[in-house]
Amino acid sequence: MIATKGYAVHNSKDKLAHWDFERRELGPKDVFIEIIFSGVCHSDIHQVRGEWGNSKYPMVPGHEIVGRITKVGTEVSKFQVGELAGIGCMVDSCRECNNCKGGHEQFCEKGQTVYTYNSVERDGITPTYGGYSNQIVCDEAFVVHVSEKLPLEGVAPLLCAGITTYSPLKRWKIGPGHKVAVLGLGGLGHMAVKFAVAFGAEVTVLSTSPSKEADARQLGTHKFCNTREISQVKELGNYFDFIVDTVSAPHDYDMYLKLLHTNGVMICVGIPPEPIQLTGFLLLGENRTITGSSIGGIEETQEMLDYCAEHNIVSDVEVININYINEAYERVMKSDVKYRFVIDVATL
Ligand code: NAP
Ligand code: ZN
Ligand code: ZN
């Protein structure tokens, strides 16, 4: 086993603190990555605090991982020692079912999707531990190539916030001629804005934080709506083709459904812990659709990273020392992050 340093919680009330643990020895198809940066996703907070009811402790969070490969197993063909590499939300799956073969490993039909943390390996017992740690061992099939061209700290959040927003925008073929609203300008939201702008859509940010307007404009947003001002919201009635909802907390779905025009689609990527409530008539009216989207498969994650390298897209980040992590969580809870905290793992 390989001695590893990390930050963990041991129950839902715990603060994150140093924890030593072990990773498996390198198998023939595994690569060994020295982690350099690890992004802080709101999903980490939901899971650390047990908000989704599926938390396993001890938990080492982190699924926006970038680092350098320092060892490769004897049968590794995709990577070489010295290359940059990334790991997102998944580290394994059955690889045989239709969804796994079709590039949707997050929907493994055998239920064998192995998440990067708060999950168990395919043996059903070995816990997985995430990126708030100095190193990770992973099968090369779930590792992606990272360009040397982009600032690495800004690449880390692409591994979750990036793919989670890129994937539905692609699936719904969002582009020129579409009016798109991004609800919530946080980690996912600011990436949704960057991609929607890059794909040629007209983009509006719907935000509870008027202080973010200047940044939203900087990101290429065409309109900004302070959703605490009901008159501003009403002005956008029946306006949008798409709403990308990235909000992490309970909110008023009806209010936003009314902003979709005929055949408009609300894509939910935020995961508030409570069930969603909405009024049926608002869905029937205008034939509106409400749908969800879960991360993205490995192949599409690579496609997204290549697109970002080509178009110079990275996340806007605040790099932190790992001992700032508990404060960073508090700031994320107050929507006070511009726009992703990223841990400098060398501070571990
Ligand atoms: P984040 O950085 O905290 O951003 C969420 C944003 O939502 C905030 O910045 C804030 O934006 C807005 N917001 C927060 N509370 C609100 C409230 N009560 N009412 C209205 N707006 C509110 O979080 P994130 O990392 O982007 O993650 C967002 C959500 O997506 C989380 O639930 C996370 O678990 C989920 N997620 C889902 C997937 C997936 O596969 N679908 C992947 C990753 C994350 P404003 O200040 O602009 O209002
Ligand atoms: Zn995430
Ligand atoms: Zn499968």
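Computed from a prediction, not measured in an experiment: that's the story for all the values here.

What to know about the domain arrangement of the chain
Then comes step 1: Partitioning the chain into domains gives domain 1 (2–159 + 296–347) and domain 2 (162–292).
Then comes step 2: Here the C-alpha centre of domain 2 lies 27 Å away from the C-alpha centre of domain 1.
Then comes step 3: Each side of the interface is counted separately: domain 1 has 22 residues, and domain 2 has 23 residues.
Then comes step 4: Between domain 1 and domain 2 the total buried area reaches about 2,000 Å² when both faces are included, carbon and sulfur atoms providing 60% of it.
Then comes step 5: Together, Glu 300, Tyr 307 and Tyr 339 form the three largest contributors to the area buried by domain 1 at its contact with domain 2, with a combined 30%.
Then comes step 6: Our count for the domain 1 to domain 2 interface comes out at two salt bridges.
Then comes step 7: For Asp 316, the salt bridge identified is with Lys 194, shortest N-O distance 2.7 Å.
Then comes step 8: In this structure, the connection of domain 1 to domain 2 is made through 13 residue pairs in polar contact (both at pLDDT 80 or more).
Then comes step 9: Breaking the side of domain 1 that touches domain 2 down by element, the ones donating at least two residues are helix H1 (42–48) and helix H10 (298–311).
Then comes step 10: Per-element accounting of the side of domain 1 that touches domain 2 gives the leading share, six residues, to H10.

Describing the site of ligand 1
Then comes step 1: What surrounds ligand 1 is a group of 30 residues, the closest being Ser 207, Thr 208, Ser 209, Lys 212 and Arg 340.
Then comes step 2: At 2.8 Å, a side-chain N or O of His 46 approaches an oxygen atom of ligand 1.
Then comes step 3: A distance of 2.5 Å is found between an oxygen atom of ligand 1 and a side-chain nitrogen or oxygen belonging to Ser 209.
Then comes step 4: Surface burial for ligand 1 is 91%, taken as the share of its 920 Å² of free accessible area covered by protein chains.
Then comes step 5: Secondary-structure elements contributing two or more residues to the shell around ligand 1 are H1 and helix H5 (187–198).
Then comes step 6: Considering every element that reaches the shell around ligand 1, the biggest residue donor is H1, with three residues.
Then comes step 7: Here the shell around ligand 1 is composed, by residue class, of twelve nonpolar, 16 polar and two charged.
Then comes step 8: No fewer than three residues from each of domain 1 (2–159 + 296–347) and domain 2 (162–292) sit in the shell around ligand 1.

Digging into the pattern of salt bridges
Then comes step 1: Throughout the structure, instances matching the rule amount to 15 salt bridges.
Then comes step 2: Arg 95 is the salt-bridge partner of Asp 92, the closest N and O atoms lying 2.7 Å from each other.
Then comes step 3: Of the residues examined, Arg 95 reaches a relative accessible area of 32% and is grouped as partly exposed.
Then comes step 4: Residue class for Asp 92 comes out buried when judged on its relative accessible area of 11%.

As for the coordination of the zinc ion (ligand 2)
Then comes step 1: Donor atoms from the polypeptide that bind the zinc ion (ligand 2) are Cys 41 (SG), His 63 (NE2) and Cys 160 (SG), placed at 2.0 to 2.2 Å.
Then comes step 2: Every donor residue of the zinc ion (ligand 2) comes from the same chain, spaced as C-x21-H-x96-C. Taken as a pair, Cys 41 in the loop between strand E3 (30–39) and H1 and Cys 160 in the loop between helix H3 (152–155) and helix H4 (161–171) lie far apart in primary sequence, 119 residues in all. Comparing Cys 41 with Cys 160, the two get one shared label, buried.

Some details on empty space enclosed by the protein
Then comes step 1: Here the structure, examined in full by the defined rule, presents two cavities of 30 Å³ or more.
Then comes step 2: Counted as a void, the largest cavity has a volume near 80 Å³.
Then comes step 3: Contributing to the lining of the largest cavity are 13 residues, with Gly 88, Cys 89, Leu 159, Ile 298 and Thr 301 lying nearest its centre.
Then comes step 4: At the level of secondary structure, the elements contributing two or more residues to the lining of the largest cavity comprise strand E5 (84–87) and H10.
Then comes step 5: Of the residues belonging to the lining of the largest cavity, the class tally is nine nonpolar, four polar and no charged.
Then comes step 6: A volume near 40 Å³ is recorded for the second largest cavity.
Then comes step 7: In terms of lining residues, the second largest cavity is bounded by His 145, Val 146, Ser 147, Leu 150, Val 155, Leu 158 and Leu 305.

Overview of unusual backbone geometry
Then comes step 1: Note that the residue after Tyr 57, namely Pro 58, is joined by a cis bond; omega there is -5°.
Then comes step 2: Its place among the elements puts Pro 58 in the loop between H1 and strand E4 (65–72).
Then comes step 3: The omega torsion across Lys 338 and Tyr 339 is -15°, close enough to zero to call that bond cis.
Then comes step 4: Turning to its location among the elements, Tyr 339 is positioned in the loop between helix H11 (325–333) and strand E17 (340–344).
Then comes step 5: Although it is not a glycine, Glu 286 sits at a positive phi angle of roughly 70°.
Then comes step 6: Here Glu 286 is to be found in the loop between helix H9 (280–284) and strand E15 (289–292).

Digging into the packing of aromatic side chains
Then comes step 1: Per the stated rule, a full pass over the model turns up twelve aromatic pairs.
Then comes step 2: Three or more aromatic residues link up through ring pairs in this structure, and these residues are Tyr 166, Phe 195, Phe 199 and Tyr 307.
Then comes step 3: Just above the ring of Phe 32 sits the side chain of Lys 71; from NZ or CZ to the centre is 4.3 Å.
Then comes step 4: Between the NZ or CZ atom of Lys 170 and the centre of the ring of Phe 199, over which it lies, the distance is 5.0 Å.

Rules of the game
- Residues numbered from 1 in each chain as written.
- Chains lettered and ligands numbered in written order.
- Predicted model: local features only at pLDDT ≥ 70, side-chain atom pairs only at ≥ 80, totals over all residues.
- Heavy atoms only, no water.
- Domains from an automatic or database assignment.
- Contact = heavy atoms within 4.5 Å.
- Buried area = accessible area lost by both parts, 1.4 Å probe.
- Salt bridge = Lys/Arg side-chain N within 4 Å of Asp/Glu carboxyl O.
- Polar contact = N/O pair within 3.5 Å; in protein donor to acceptor, adjacent residues only side chain to side chain.
- Helix = DSSP H or I, 4+ residues; strand = E, 2+ residues; numbered from the N terminus.
- Near = heavy atom within 4 Å.
- Areas by Shrake-Rupley, 256 points an atom, 1.4 Å probe, with all protein chains shown as cover.
- Nonpolar A, V, L, I, M, F, W, Y, C, P; charged D, E, K, R; others polar.
- Buried < 20%, exposed > 50% of the residue type's maximum accessible area, 1.4 Å probe, protein only.
- Donors = N, O, S within 2.8 Å, 3.2 Å for Na, K, Ca; no water.
- 1 Å grid on protein atoms, 1.4 Å probe; cavity = no way out; pocket = protein on both sides within 12 Å on 5 of 7 lines; lining within 4 Å.
- Points joined across faces, edges and corners; volume = space filled by probe spheres on them.
- Phe/Tyr/Trp six-rings, centres within 6.5 Å; stacked < 30°, edge-to-face > 60°.
- Lys NZ or Arg CZ within 6 Å of the ring centre and 35° of its normal.

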